[in-house]
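Chain residues, written in single-letter form:
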Amino acid sequence: HAKNEGGKRVQIFEPFMHEDFLMLRQIESGLTDALENDEFTVLFQPIIDLATGRTKSCEALLRWKHPELGDVSPAMFIPVAESAGLIGDITEWVLRKACEAAAEWPEDVHISVNISPALLKQNNLPVTIIETLVNTGMVARRLELEITESVLLDKNPHTNSLLRQLQKMGLRLCLDDFGTGFSSLTYLRSWEFDTIKIDKSFIRNIGNSPTDQKIIGAVVQLAKSLDVATVAEGVETEEQLSRVREAGCSRVQGYYYARPMTAAQATERLVQEELPDDGPLKIVNQR
Ligand code: C2E
Ligand code: MG
Ligand code: MG
Ligand code: MG
């Protein structure tokens, strides 16, 4: 009891220790041993090339099963990992799992890995990536780094030189969540992105929003003129698929084609795609 302290009590229980705060603390402390305790897995979601109907890349998506909280969404725990200084080790682990998986896939299938803004302000990402590529026998051209546009907003000169360095190494860069930031068009001008991902918020209403449809069409035309591929993210329905096709998107990612799946399931799917269809026998793997 603090009664004896002459009324100068410090209220430590309010307003901070409500449920959300406790949960954040639980997530933060849980993340500290999550790698060690083997609580993470990586799932892979195919990105389909609309011209060929085949998988162009798979995006590595991290999953975490907390012993008490159960499945925690990456949208929830990634920001915590960033602020707790844990994102470097986690990303290194995801990169390794992703490249190990992709090493089993056909050589023309890419692997896309999300890279946290925080890591583009440090020095060790290129080294981590080179080590991972060497250890897994992957070539740089198959690895695509997904960077959300908010990262580039702060115009950090270090981020700039790091991105250039990654490009020089032969890595592909993808501008993720395109359209959600503030100066997407500026980024397209300053960076040689190989791909932009149109955020799923634009795809959601594409069926009944002529405006969204027009915006997507314009973005696709712009990207084409800059020789940048476009991915429509979050395509769930046949209607959305035909709309993004009409708009000229080159690739599609979403539940309509495939949900995130295990490495083994992805490998099986990719092997199936390589098999010849019915009809005249095709020679597979002739590149
Ligand atoms: P993101 O990079 O934009 O990833 C796409 C998200 O959309 C994924 O959510 C995916 O499961 C979801 N998605 C795909 N198709 C559909 C669809 O048809 N409908 C709907 N409603 N959603 C779809 P997820 O896996 O929950 O990841 C959320 C975010 O967490 C990611 O957004 C990414 O920013 C971050 N994240 C996930 N894994 C990693 C990681 O390894 N490292 C980092 N730094 N961030 C990660
Ligand atoms: Mg992504
Ligand atoms: Mg995205
Ligand atoms: Mg997103």
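Residues numbered from 1 in each chain as written. Chains lettered and ligands numbered in written order. Predicted model: local features only at pLDDT ≥ 70, side-chain atom pairs only at ≥ 80, totals over all residues. Heavy atoms only, no water.

Caption draft 1: Fine view of the site of ligand 1. Arg 63, Asn 114, Asp 176, Glu 236 and Tyr 255 are the nearest of the 22 residues found near ligand 1. Between ligand 1 and the protein, one listed contact pairs a nitrogen atom with a side-chain N or O atom of Gln 45 at 3.1 Å. Between ligand 1 and the protein, one listed contact pairs a nitrogen atom with a side-chain N or O atom of Glu 236 at 2.5 Å. Compared with its free state, where it exposes 800 Å², ligand 1 has 84% of that area covered by protein. Of all the secondary-structure elements, those providing two or more residues to the shell around ligand 1 are strand 2 (54-66), helix 2 (74-83) and strand 6 (172-178). (Near = heavy atom within 4 Å. Polar contact = N/O pair within 3.5 Å; in protein donor to acceptor, adjacent residues only side chain to side chain. Areas by Shrake-Rupley, 256 points an atom, 1.4 Å probe, with all protein chains shown as cover. Helix = DSSP H or I, 4+ residues; strand = E, 2+ residues; numbered from the N terminus.)

Caption draft 2: Quick peek at the packing of helix 3 (residues 87-102) against helix 4 (residues 125-136). Contact pair helix 3 / helix 4: the axes reach a minimum separation of 9 Å and the direction vectors enclose 30°. Our classification of the angle between helix 3 and helix 4 gives roughly parallel. Where helix 3 crosses over helix 4, the two elements pack in a sense that is right-handed. Contacts from Glu 92, Leu 95, Arg 96, Cys 99 and Glu 100 in helix 3 reach Thr 128, Ile 129, Thr 132, Leu 133 and Thr 136 in helix 4. Grouping the amino acids of the contact of helix 3 with helix 4 by side-chain chemistry returns four nonpolar, three polar and three charged. (Axes fitted to C-alpha atoms, helices over the stretch in contact; angles between N-to-C directions. Parallel < 35°, antiparallel > 145°, perpendicular 65-115°, else oblique. Left-handed = near helix turned anticlockwise from the far one by under 90°. Contact = heavy atoms within 4.5 Å. Nonpolar A, V, L, I, M, F, W, Y, C, P; charged D, E, K, R; others polar.)

Read these as layout, nothing more, since geometry by itself doesn't imply function.
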